[in-house]
Amino acid sequence: MMSFDQENSESLETLQKPRDLTYQLALLQEVEQIDEELEQRQAKYKLKYYIPNLIQFCFHLSRSLTKAFFGGNRSGKTTAVVVELLWHLTKWYPDWYPEENRLWGPVRIRLNCEDFTEALPNVLTPKLEEWLPESELIDRKKNQQGHYVKYVFKDGSILSIMTYEQESKKHEGTSHHIVAYDEPPPRDIRIAEKRGLVDYNGKELYGLTPLSEPWIFDEIYDTDDPTISSYIADMRDNLRREVTQELLDAYTNIPLSIREFYAKQFLGKKIGTHSEEAIKNFEKDLMPHEIDARVHGKFMYLSGLIYKIFTLAVHVIKPITLATRWPRYFALDPHDRKGQFILWGAVDPTEDVYIYRERRFQLPMIIPDCTLETKRLEQMYEEHVVRRIIDPNFGQKIYGNSGRTVAQEWSYHSQQQGYRMTFTMGNNEIVAGHNKVHQYLKYDQTKPLSIYNHPRLYIFDTCPELIKSLKHYVWDEWEGKTKDKKDEKETPRDKWKDYPDCLRYLLMDNPRFNLPQVYKPAKVLSYT
């Protein structure tokens, strides 16, 4: 009789013998069949197997009423928008999607794109077909051009599609829970669509490469509105790779709590759609400003910024004490219809310049009103203005029927009010002026700011229009249509140039501390 150990030893030998070849082949076929069925299931129900990259994940988690995904080409922006819309239409929400973002019951969603000829058939429809589960759809309808523009889902939810080719009036009149945009919409279409969100306090979703429509920068991206959130994705955020802790640690600009939540869901999973080689092949035919927008997701029209070194964190400061003995400079850029643009600057003993006040005098104010208000401000703060500079083009223009130039009109009326102002014509050499402003703005960006490394120009945060203008002050449109022929025009755009012109005139006057001054005790002043 065999012992217990002998019996188990023989059993172990039997288990360790090579498997029968037929059995191994059958097992392999079974595994292949399981893999195939899994692939078919993932293809059929792709929406349930969606794995976002980290920027897409942040976009989906946002609870904002308006959220925008600014991305380079193939960064995953259209996928993020389409997937989120389909969650609301099918109710196939992933477990990690915020409860407060979910919509229950039938919903009405509008999706807008650029046109019916290219964007819809070549981009949007294929993307919808890729992620849309047929099992949840009961009907779809085409327009006269043969493109699907309406999708009806099981629970009565409806997705309708329109384009920017259609006039804004056609975008009005229908209430929606969500309005989405694939690529930048014209502002009038956005306003028309937004009216339809009022009934449901609906949401806006944007997925776009910022190549056009500068209004989006001001109203969607660069805004303090707490109901709006924006996310920028580089093409390389959507590289095909595995989610590792090392990868997540590189995203230091994303809160640790979000990275940890993402890791809990997707660590070890595969994400992305393209390779580094493909991105490099794409980049090699692009110009630098195109790379900014198409690869890095930055606003293209800002790639022509004239003062790229201008930085809010460095050049914009809270108002500080300005001693009354510091000489003041006054720069004026007058216009017939736009009004009178004015900047005041102070020069400290080290000859750093502080722009501390801005004003725009508009109709119905006329020059006597402007001079009186200028007198009031300067006397209130006991300012000793040593130089007044005026735009040489408009400053020498004859004003009305008086026979006097604009500069002379200011001098005449200020003298009548007992506060004579005399003007120097500004130096209007644009290239030299831009270089001068750069000299005042520059500092070594590779080193910490210090007493030895800092700009010579500071702007009080009580000058919001000047600050905004400098952030938008760009060269005019690029000329030419090919990479070989494309050159930058040497002319700034007219929009946003008035306050930067004032700044240029002021600094081209070489403000100095050692000009004749009236010395008075220093006092703390508050400028508004």
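All residue numbers refer to positions counted from 1 along the written sequence of the respective chain. Restriction of local features to residues with pLDDT of at least 70 applies here, the model being predicted, together with a cutoff of 80 or more for giving and counting side-chain atom pairs; totals for whole chains, interfaces and linings are based on all residues. Remark: hydrogens and water are excluded; side-chain values derive from all non-hydrogen atoms of the structure.

Visitor: An account of the packing of helix 16 (residues 430-441) against helix 18 (residues 498-508) is needed here, citing residue identities and associated values.
Guide: Direction vectors running N to C along helix 16 and helix 18 enclose 80°, while the axes themselves pass 9 Å from each other. Judged by the angle between their axes, helix 16 and helix 18 are roughly perpendicular. Mapping the contact onto sequence places Ile430, Ala432, Gly433, His434, Lys436, Val437 and Tyr440 in helix 16 and Leu503, Arg504, Leu507 and Met508 in helix 18. Here the nonpolar group is Ala, Val, Leu, Ile, Met, Phe, Trp, Tyr, Cys and Pro; Asp, Glu, Lys and Arg are the charged ones; every other residue, Gly included, is treated as polar. Of the residues in the contact of helix 16 with helix 18, the class split is seven nonpolar, two polar and two charged. The axes used here are C-alpha line fits, helices contributing only the stretch in contact, and every angle between their N-to-C directions lies in the interval 0 to 180 degrees. Numbering of helices and strands runs from the N terminus; a helix is a DSSP stretch of H or I covering at least four residues, while a strand is a stretch of E covering at least two. Any angle between 65 and 115 degrees counts as roughly perpendicular, while under 35 counts as roughly parallel, over 145 as roughly antiparallel, and the rest as oblique. Throughout, a contact is declared for two residues whenever any of their heavy atoms are within 4.5 Å.

Visitor: So what about the environment of lysine 46? Which residues, and what values?
Guide: You can see lysine 46 is positioned in the loop between helix 2 (21-44) and helix 3 (54-61). Considering only alpha carbons, one finds lysine 46 and proline 133, 87 residues apart in sequence, at a separation of 7.5 Å.

Visitor: Lay out the nonpolar core with the relevant residues and their values.
Guide: Only buried residues count toward a nonpolar core, which is a set of Ala, Val, Leu, Ile, Met, Phe, Trp, Tyr and Cys residues joined through side-chain atoms within 4.5 Å. A simple rule labels every residue: compare its accessible area, found with a 1.4 Å probe on the protein chains alone, to the largest value its type can have, and call it buried under 20%, exposed over 50%, or partly exposed in between. Judged by nonpolar contacts, the single largest core of 59 residues is most densely connected at Ile355 and Trp410. In this structure tryptophan 410 touches Phe330, Leu332, Gln340, Ile342, Phe361, Ile367, Cys370, Thr371, Thr374, Met421 and Phe423, once residues within four positions along its chain are discounted. Counting residues in hydrophobic clusters, the runner-up holds 52 residues, among them Leu85, Leu89, Leu159 and Leu205.

Visitor: Give me the lowdown on the packing of helix 17 (residues 464-472) against helix 18, citing residues and values where you can.
Guide: Where helix 17 meets helix 18, the closest approach of the two axes is 8 Å, and the angle between their N-to-C directions is 95°. Between helix 17 and helix 18, the angle is such that the two are roughly perpendicular. Here Glu465, Leu466, Ser469 and Leu470 of helix 17 lie close against helix 18, whose contacting residues are Tyr499, Pro500 and Leu503. Its residues placed into classes, the contact of helix 17 with helix 18 shows five nonpolar, one polar and one charged.

Visitor: Mind laying out the confidence of the model for the chain, listing which residues take part and the relevant values?
Guide: Each residue carries a pLDDT value, the predictor's own confidence for that position, ranging from 0 to 100. Summary statistics for the chain give a mean pLDDT of 88 and a share of 88% for residues scoring 70 or more. Contacts of residues 478-488 to residues separated by more than four positions or lying in other chains number 19 contacts, the stretch itself having pLDDT below 50.

Visitor: Please set out the packing of aromatic side chains residue by residue, giving values where relevant.
Guide: Ring pairs shown here join Phe, Tyr and Trp side chains whose ring centres sit within 6.5 Å, with only the six-membered ring taken for Trp; geometry is labelled stacked below 30 degrees between planes, edge-to-face above 60, and tilted in between. Tallying each qualifying case throughout the model produces 27 aromatic pairs. Note on tyrosine 45 and tryptophan 92: the rings are 5.9 Å apart at their centroids and 45° apart in plane angle, and the pair reads as tilted. Remark: tryptophan 92 occurs in the loop between helix 4 (77-90) and strand 2 (108-113) and tyrosine 45 occurs in the loop between helix 2 and helix 3; sequence separation between them is 47 residues. Given the relative accessible area of 14%, tryptophan 92 is considered buried. Between tryptophan 410 and phenylalanine 423, the ring centres sit 5.9 Å apart and the planes meet at 80°, which makes this aromatic pair edge-to-face. Linking tryptophan 410 in helix 15 (residues 406-416) with phenylalanine 423 in the loop between helix 15 and strand 16 (424-425), this pair joins segments that are 13 residues apart in sequence.

Visitor: Would you mind going over the sheet that holds strand 3 (residues 137-142) in detail, with residue names and values included?
Guide: Two strands qualify as a pair provided DSSP detects at least 2 bridges between them. In spatial order, the strands read 3-4-5-2-6-7-1-8; together these eight strands make up an open sheet with mixed pairing. At either end of the open sheet lies a strand with only one pairing partner, and these are strand 3 and strand 8 (228-233). Pairwise comparison of adjacent strand axes, ignoring direction, gives a mean angle of 15° for this sheet. Where strand 1 (residues 66-71) lies against strand 7 (residues 203-208), five bridges are found, and the strand directions are parallel. By the bridge assignment for strand 7, lysine 67 is matched with leucine 205.

Visitor: Lay out the pattern of salt bridges with the relevant residues and their values.
Guide: Any Lys or Arg side-chain nitrogen found within 4 Å of a carboxyl oxygen on Asp or Glu counts as a salt bridge. By the definition in use, this model includes 32 salt bridges. A salt bridge links aspartate 501 to lysine 497; the nearest nitrogen and oxygen atoms lie 2.6 Å apart. Look at the salt bridges and you will find they share partners, linking Arg187, Arg190, Glu204 and Glu219 into a network.

Visitor: Describe the side chain of histidine 413, listing the residues and the values that go with them.
Guide: With respect to the helices and strands, the residue histidine 413 is situated in helix 15. Ignoring any residue separated from it by four or fewer positions in sequence, one finds histidine 413 in contact with Ile367, Pro368 and Thr371.

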